[in-house]
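Here is how the chains run, residue by residue.
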Amino acid sequence: MTLQELELLIQEGEGYNVEYKQSFPSKLSELATELCAFANANGGVLMVGVDDKQQVVGITMDNTQRSRIQGVINLIDPALPIKVSEQKVNGKVILCFECPAGVQKPYAVSGSIYVRNGPNSERVTGIEQMRRFFQHSDSIFFDTAPCPSFNYPDDFDANSFQEFTGKAGITAKFAEINLLTNLRLTANNQQLTNAAVLFFAKNVQSHISHATIRCVLFKGIDKRYILDSKEIAGNLVVQYEEALKYLISKLNLRYEIENQKGGPRKEILEIPETVFREALVNALCHRSYYEKGAVIMVEVYDDRVEISNPGGLISSITQQEFGTKSFSRNPLIFGLMQRINLVEKVGSGISRMRDAMKESELIEPKFEMGGFFTVIFYRPMVFEKWLEGWSLHLTTPLTKILLAIHDSERVTKAQLSDIIGQGKTSVDNNISKLRSFGILIREGSDKSGKWVINQLPPPAA
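Because the structure is a prediction, the values reported are computed rather than measured. (Residues numbered from 1 in each chain as written. Predicted model: local features only at pLDDT ≥ 70, side-chain atom pairs only at ≥ 80, totals over all residues. Heavy atoms only, no water.)

A look at the overall build of the protein
Looking only at helices and strands, the protein has 15 helices and 18 strands in total. Overall size of the protein, expressed as C-alpha extent along the three principal axes, is 90 × 55 × 50 Å. The burial tally for the protein puts 52% of its 461 residues in the buried class. Look at the contacts in the protein between residues 6 or more apart in sequence, and 65% of them connect residues 24 or more apart. Total accessible area computed for the protein in this model is approximately 22,400 Å², and 47% of it derives from carbon and sulfur atoms. Of the side-chain charges in the protein, 51 are positive and 53 negative, and the distance between the mean point of each set is 3 Å. (Helix = DSSP H or I, 4+ residues; strand = E, 2+ residues; numbered from the N terminus. Buried < 20%, exposed > 50% of the residue type's maximum accessible area, 1.4 Å probe, protein only. Contact = heavy atoms within 4.5 Å. Areas by Shrake-Rupley, 256 points an atom, 1.4 Å probe, with all protein chains shown as cover. Lys, Arg positive; Asp, Glu negative; His and termini not counted. Charge placed at Lys NZ, Arg CZ, Asp CG, Glu CD.)

Some details on the pattern of salt bridges
Enumeration according to the criterion identifies 19 salt bridges in this entry. For the salt bridge of E278 with R352, the shortest nitrogen-to-oxygen distance reads 2.6 Å. Residue E278 is located in helix α9 (residues 273–286), and its partner R352 is located in helix α11 (residues 349–359); the two are separated by 74 residues in the primary sequence. Between E368 and K366 there is a salt bridge; the shortest N-O distance is 3.7 Å. Residue classification places E368 among the partly exposed residues on the basis of a relative accessible area of 35%. (Salt bridge = Lys/Arg side-chain N within 4 Å of Asp/Glu carboxyl O.)

So, the sheet that holds strand β6 (residues 108–109)
Sheet architecture is open: four strands sit in the order β3-β6-β7-β8, paired in antiparallel fashion. A single partner strand is all that each edge strand has here, and the edge strands are β3 (76–77) and β8 (120–124). In the packing of helix α2 (residues 29–39) onto the sheet, contacts are made with β3, β6, β7 (112–117) and β8, and the angle to β7 comes to roughly 65 degrees. (Pairing = 2+ DSSP bridges. Axes fitted to C-alpha atoms, helices over the stretch in contact; angles between N-to-C directions.)

Topic: the packing of aromatic side chains
Under the definition given, this model contains 15 aromatic pairs. With a centroid separation of 5.3 Å and 70 degrees between ring planes, the pair formed by Y152 and F156 is classed as edge-to-face. There is no split in this pair, since Y152 and F156 are both buried. Taken together, the aromatic side chains of Y152, F156, F161, F164, F199 and F200 make up a single cluster linked through ring pairs. Over the ring of Y301 we find R304, and its NZ or CZ is 3.8 Å from the ring centre. (Phe/Tyr/Trp six-rings, centres within 6.5 Å; stacked < 30°, edge-to-face > 60°. Lys NZ or Arg CZ within 6 Å of the ring centre and 35° of its normal.)

Concerning unusual backbone geometry
At the junction of D77 and P78, the peptide bond is cis and its omega measures out at 0 degrees in the coordinates. With respect to the secondary-structure elements, P78 resides in the loop between β3 and β4 (83–89). The phi angle at N90 is positive, at roughly 55 degrees, despite the residue not being glycine.

Looking at the sheet that holds strand β10 (residues 225–232)
Spatially, the six strands line up as an open sheet ordered β10-β9-β13-β14-β16-β15, and their pairing is mixed. With partners counted over all chains shown, the strands left at the sheet margins are β10 and β15 (366–369), one partner each. Strand-to-strand twist in this sheet, taken as the mean axis angle between neighbours without regard to direction, amounts to 15 degrees. Of the pairings in the sheet, the one linking strand β9 (residues 213–219) to β10 comprises seven bridges and is antiparallel in character. Directly across from K219, in β10, lies its bridge partner Y225. Its contacts with the sheet put α9 on β9, β13 (296–300), β14 (304–310) and β16 (372–378), and the angle it makes with β14 is roughly 20 degrees. Lying on the sheet, α11 is in contact with β15 and β16; it crosses β16 at an angle near 15 degrees.

A short note on helix α10 (residues 331–339)
Count 3.6 residues to each turn of an α-helix, and residues three or four apart come out pointing the same way. The buried fraction of α10 is high, at nine of nine residues. Taken as a whole, α10 has its buried residues at P331, L332, I333, F334, G335, L336, M337, Q338 and R339. Its buried side turned inward, α10 meets α1 (3–12), β7, α5 (158–168), α7 (194–200), α8 (236–250) and α9. Positive backbone phi, approximately 65 degrees, marks N341, located one or two places after α10.

Considering the nonpolar core
In terms of nonpolar packing, the biggest core is built from 74 residues, with L185, L198, F276, I307, I333 and F377 touching the most fellow members. Here this core gets eight residues from one element, more than from any other, and that element is α9. Setting aside residues up to four positions removed in sequence, I333 forms contacts with D143, A195, L198, F199, L236, L284, C285 and Y289. By size, the runner-up hydrophobic cluster in this structure holds 26 residues, among which are L46, I76, L80 and Y107. (Core = buried A, V, L, I, M, F, W, Y, C linked by side-chain atoms within 4.5 Å.)

Looking at the pairing of β9
Burial within β9 is extensive, with five of its seven residues counted as buried. In the sheet, β9 pairs with β13 via five bridges, with the strands oriented parallel. Paired with R214 across the two strands is M297, which belongs to β13.

As for the environment of F199
The residue F199 is located in helix α7 in this model. The class of F199 is buried, set by a relative accessible area of 2%. It is 19 Å that separates the C-alpha atoms of F199 and V18, two residues lying 181 residues apart in sequence.

Comments concerning the environment of I226
Relative to the elements of secondary structure, I226 occurs in strand β10. Linking I226 and Y378, residues 152 residues apart in sequence, is a C-alpha distance of 19 Å. Look past the residues within four positions of I226 in its chain and what remains in contact with it is R214, V216, L217 and F218.

Written out as structure tokens, the structure reads:
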């Protein structure tokens, strides 16, 4: 590795294929796990002597350390050709490990497999589980494979790339092709990978035609009547931005005045915008691009919004682990999204969506995992319209109770008894029925508490 290449890697920052260590970890085997993760992905460079702020702090090397480092490399099974070099930057020593993408995946350290997930390395338990994953993905990630139809630089959108490097905080003092190479966006003979095409092609769909988002607005709660539709093409960042605009334009806004002195009003979307940001990035990062007959779908109904991507839950994550572990079907795309801050934290998107809906007092999102991965966000509905949807499941006394509680959340059971014209026992039975549906909740004590109506969608007829 040349000094210029090293400086470029430091300047680009940590990511899917670059890892920094300020000093030698207390257990040198930790270095082996990082290298193992690189080998199971698309390769990468590990630098010891650089801190998280991209500052060269340097390390001290001696023969004992050098001997131990070779032992660390030998921990990786099967054996892996890793280049180790000592580089000097401003008189300070940096130890560099250059790890190739492995050709005998999966690789393991002490029986455990490690994989790259964005800028982090994670342990995956179970050799057979990992073997199934690599068999499922044909031992190659779509985003790291070369795109044979793409001709660099003729098909390359330099303006999009400059915009990306600006957002990522990467200065343009190095040659474009060197930046692309260090971001692992080039393959053999300077061919660009599919990830590079999806982000920086002048015409993405001329090379990967199915990489689009289809947005549809329906009338009602099923697919019978289409009011509007839009096919969104362009690079992945454009698709993300345009799909978000579409959603905002089709949903309801309410307004809050910032202060009482005539300040600007604040627009608040009926469903928090942050959940759509998370879901769209998730769909773009984790969709199966091998599925050529399907696209990402954004569907808006009267009662809900659905965002779906081809490819269900990735095979290395069980349904029990869903929401607690993360593994990307397209780790290079995921890493690029993270560099421009469209991904906040690895593995936390699901919990952030749940929390945002809960904070807005909306129903938690529902996740479906078949051939498609679908997230469903239920819209807040006008109470009368919601009540009408429940009409098949509610008797007259139940409806009267809900109307009374909607008018006054602190209505007493004695008052409810008068409203429905039945005794206290009947009131208790009716309240129990509403609670069994999950649409009536009591918060606080019987004396000082209040009723809360949870506007769940009615069960299927």
